[in-house]
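# Per-entry structural report
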Amino acid sequence: MTRENTSRPSDLGPLEPGTAQRAQLSVRIADIAWTALSVVAALWAVLATVDAVRGTGSWAYCAVSLVLLAVGLTMRVLGIRRRARTSL
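Let me sum up the structure you'll find in this document. What you see as residue numbers is a count from 1 along each chain, following the sequence as written. For a predicted model such as this one, the threshold for reporting local features is a pLDDT of at least 70, and the threshold for listing and counting side-chain atom pairs is 80 or more; totals across whole chains, interfaces and linings nevertheless cover every residue. Heavy atoms throughout the structure, all of them, feed into the side-chain values; hydrogens and water do not.

What follows covers the environment of Leu 66. For the purposes of this entry, the term helix denotes a DSSP run of H or I that reaches at least four residues, the term strand denotes a run of E that reaches at least two, and both are numbered from the N terminus. Its place among the elements puts Leu 66 in helix α2 (residues 59-86). When accessible area is computed with a 1.4 Å probe and restricted to protein chains, residues below 20% of their type maximum are described as buried, those above 50% as exposed, and intermediate ones as partly exposed. Accessibility expressed as a relative area gives 43% for Leu 66, which makes it partly exposed. Considering only alpha carbons, one finds Leu 66 and Ala 42, 24 residues apart in sequence, at a separation of 7.7 Å.

Below, the structure is given as structure tokens:
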């Protein structure tokens, strides 16, 4: 029995230098990193704000978490804009 539709594997793997996936890899990793930072900072901001309102936490933690959230979201938006600008 032989298979009629056998495809020959490419000489290059999907992440070898010179492939489209390799060129997009660093952008994809940066997107994942900034998104993860934004999610963690958002969770920290919510928890710090709730603790500060209850009186069990410090407003300084709340302020720091909001600043980190703003930085993470700003970098995420800039990354999206930069990618849209370079893909044109």
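From this point, the narrative continues.
Here we come to the side chain of Ser 38. Structurally, the position occupied by Ser 38 is in helix α1 (residues 20-54). The exposure class of Ser 38 is buried, given its relative accessible area of 8%. Only heavy atoms matter for contacts: two residues are in contact if any of them lie within 4.5 Å across the pair. Beyond its immediate sequence surroundings of up to four residues, Ser 38 is in contact with Leu 69, Gly 72 and Leu 73.

Here we come to α1. One turn of the α-helix equals 3.6 residues, which is why residues spaced by three or four share an orientation. By this rule the span expected of a helix is its residue count minus one, scaled by 1.5 Å. The end-to-end C-alpha distance of α1 is 51 Å, a good match for the 51 Å that 35 residues give at a rise of 1.5 Å each. Considering bend angle alone, the principal kink of α1 is centred on Ser 26 and spans about 30°. Considered for burial, the residues of α1 that qualify are Asp 31, Ser 38, Ala 41, Ala 45, Ala 48 and Ala 52. Positive backbone phi, at 95°, marks Gly 55, one or two positions downstream of α1. Note that the bend at a residue is defined as the angle between axes fitted to the seven residues ending at it and the seven residues starting at it.

By definition, a salt bridge exists where a carboxyl oxygen of Asp or Glu is found within 4 Å of a side-chain nitrogen of Lys or Arg. Applying the stated criterion across every chain yields a total of one salt bridge. Arg 76 is the salt-bridge partner of Asp 31, the closest N and O atoms lying 3.4 Å from each other. Of this pair, Asp 31 sits in helix α1 while Arg 76 sits in helix α2, placing them 45 residues apart in sequence.

On to the layout of surface pockets. What the largest pocket holds in volume is close to 170 Å³. Using only the protein atoms, space was sampled on a 1 Å grid; points where a 1.4 Å probe fits but cannot get out form cavities, open sets with protein on both sides within 12 Å along at least five of seven lines form pockets, and lining residues are those with an atom within 4 Å of a point. Lining the largest pocket are 11 residues; nearest its centre among them are Val 27, Ala 30, Asp 31, Gly 79 and Arg 82. Elements supplying a minimum of two residues to the lining of the largest pocket: α1 and α2. Here the element with the most residues in the lining of the largest pocket is α2; it accounts for seven residues. Of the residues in the lining of the largest pocket, the class split is five nonpolar, two polar and four charged. Grid points are joined across faces, edges and corners, and a volume is the space filled by probe spheres set on the points. Gly falls in the polar group here, along with every residue not listed as nonpolar (Ala, Val, Leu, Ile, Met, Phe, Trp, Tyr, Cys, Pro) or charged (Asp, Glu, Lys, Arg).

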